[in-house]
Amino acid sequence: DLKYKDKQGNVLVGAVDDILENEAGDLVAPFDVKTKGSMPDQEYCEKYYQNQLNIYAFLLSQKHDVADFGALFYFWPVGSADDSVKFESGIFLLDVSPARGKSLFEDALEVLAQDELPDADPNCEYCKTHSVRSEAMKKCLINQ
């Protein structure tokens, strides 16, 4: 696990799947393994995993020089035969920035320090999913 503790005692922890390093061992890049039900594309990878790789780059930068890229190794099913599932795989490279990773951590701390959490963003699919689940749970509790 990777760990960073700021001057106020706030801790950021990450568990990168693996680390790529050059032959000299003086430059590293985060490497994460993913699965999806269908073949992903570059846009999908950037949308859903850019922040994660930036956080990993920031955490790695505490002890290493970090390359300007991170890698996602994806597996997705392409069919089945003989009681087995066949998979294809691909590597997607994303630009990473330790500075953006640190900024994400600091932004999260600002949100957590507020007396009230901000309203859900109507354009955020995670916020929508959370809202739908919360409403469904409320209905279940009311109907008990």
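Preceding block: the structure.
Residues numbered from 1 in each chain as written. Predicted model: local features only at pLDDT ≥ 70, side-chain atom pairs only at ≥ 80, totals over all residues. Heavy atoms only, no water.

Colleague: Help me get a handle on helix H1 (residues 42-60), residues and values and all.
Modeller: Relative to the 27 Å expected for 19 residues at 1.5 Å per residue, H1 spans just 23 Å between its end C-alpha atoms, considerably shorter than the ideal helical length. Within H1, the full set of buried residues consists of Cys45, Tyr49, Gln50, Leu53, Asn54, Ile55, Tyr56, Ala57, Phe58, Leu59 and Leu60. (Helix = DSSP H or I, 4+ residues; strand = E, 2+ residues; numbered from the N terminus. Expected span 1.5 Å × (residues − 1). Buried < 20%, exposed > 50% of the residue type's maximum accessible area, 1.4 Å probe, protein only.)

Colleague: Residue-level account of the nonpolar core, with values.
Modeller: Within the largest apolar cluster, 22 residues are counted, with the highest numbers of intra-cluster contacts made by Leu12, Leu72 and Tyr74. Listing elements by their share of this core, those giving two or more residues are strand E1 (2-5), H1, strand E5 (69-81) and strand E6 (84-95). Element by element, the count of residues in this core is highest for H1, at nine residues. In contact with Tyr74, other than residues within four places in its own chain, are Lys34, Thr35, Lys36, Pro40, Tyr44, Cys45, Tyr49, Glu88, Ser89, Gly90 and Phe92. (Core = buried A, V, L, I, M, F, W, Y, C linked by side-chain atoms within 4.5 Å. Contact = heavy atoms within 4.5 Å.)

Colleague: Account for the pattern of salt bridges, naming residues and giving values.
Modeller: Applying the stated criterion across every chain yields a total of two salt bridges. Across the pair Glu106 and Lys102 runs a salt bridge, and its minimum N-O distance is 3.9 Å. Here Lys102 and Glu106 lie together in helix H2 (residues 98-113), a separation of four residues that amounts to about one turn. Exposure remark for Glu106: the relative accessible area of 37% places this residue in the partly exposed category. Overall, Lys102 belongs to the partly exposed group, its relative accessible area being 33%. (Salt bridge = Lys/Arg side-chain N within 4 Å of Asp/Glu carboxyl O.)

Colleague: Please set out the packing of aromatic side chains residue by residue, giving values where relevant.
Modeller: A ring pair, where both rings are aromatic, is described by two values, the distance of the centres and the angle of the planes. Scanning all chains against the criterion turns up eight aromatic pairs. On the basis of an interplanar angle of 25 degrees and a centroid distance of 6.2 Å, the ring pair of Phe31 and Phe73 is categorised as stacked. Taken together, the residues Phe31 in strand E4 (residues 28-35) and Phe73 in strand E5 connect sequence positions 42 residues apart. Among the residues examined, Phe73 registers a relative accessible area of 22% and is labelled partly exposed. A network of ring pairs unites the aromatic residues Tyr44, Tyr48, Tyr49, Tyr74 and Phe92 as a single cluster. (Phe/Tyr/Trp six-rings, centres within 6.5 Å; stacked < 30°, edge-to-face > 60°.)

None of the figures reported here should be taken as evidence of function without further support.
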